[in-house]
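Structural description and commentary
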Amino acid sequence: MPSPGRMERMARAEGRYLGAATAVTVLLWWVTTRHPGVAWPIVCAAVYALTRRPRFRRMLAATGRRRPTLPAAAGPAVRIAD
């Protein structure tokens, strides 16, 4: 288990990340509703920049992985009666 100091640092970092994500979301919403002709290219560029980040791509790849297949069970096959 992580130490209490490390958990506090992780909580602060997560709070900063969520605050920044909220600020960017509100800013993009505001710009999109006020100036849609200018905002959509900015929104598309922001999404493109996010998806090009290696961390995001690794996270996305991890969610798309299939579960590993389990090895065959040892012993004879058992049929369950209906």
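Sequence positions are assigned chain by chain, starting from 1 and proceeding in written order. With the structure being a predicted model, the display of local features is reserved for residues of pLDDT at least 70 and the display and counting of side-chain atom pairs for 80 or more, all residues being used for whole-chain, interface and lining totals. To obtain the side-chain values, all non-hydrogen atoms of the structure were included, while hydrogens and water were left out.

Before going further, it helps to spend a moment on the overall build of the chain. Across its full length, the chain holds three helices and zero strands. Only DSSP runs of H or I covering at least 4 residues are called helices, and only runs of E covering at least 2 are called strands; the numbering of each starts at the N terminus. Listing each helix as α and each strand as β along the chain from the N terminus yields α-α-α. Relative to its 82 residues, the chain shows a buried fraction of 5%. In this description, accessible areas are obtained by the Shrake-Rupley approach with a 1.4 Å probe, and a residue is regarded as covered only by the protein chains that are shown. Accessible area for the chain stands at about 8000 Å²; split by element, carbon and sulfur atoms hold 66% of it. To sort residues, take the accessible area from a 1.4 Å probe on protein chains only and compare it with the maximum for the residue type: under 20% means buried, over 50% means exposed, and anything in between is partly exposed.

A separate point is the side chain of T32. Along the polypeptide, T32 turns up in helix α1 (residues 4–34). Should any heavy atoms of two residues lie within 4.5 Å, those residues are considered in contact. Once residues within four sequence positions are removed from consideration, T32 is found in contact with A39, W40 and V43.

A word on the confidence of the model for the chain. The predicted structure's coordinates, where accompanied by low pLDDT, should not be read in detail. One confidence number per residue, pLDDT, is output by the predictor and ranges from 0 to 100. Of all residues in the chain, 77% have pLDDT values of 70 or greater, and the mean over the chain is 78. The spread of mean pLDDT over the elements of the chain runs between helix α3 (residues 54–64), the lowest at 75, and α1, the highest at 86.

Another point: the pattern of salt bridges. Think of a salt bridge as a Lys or Arg side-chain nitrogen and an Asp or Glu carboxyl oxygen that are within 4 Å of each other. Within the structure shown, the criterion is met by one salt bridge. Residue E8 pairs with R12 through a salt bridge whose shortest N-O separation is 3.7 Å. In this pair, E8 and R12 are both assigned in helix α1, four residues apart and thus about one turn of the helix distant. Given the relative accessible area of 47%, E8 is considered partly exposed.

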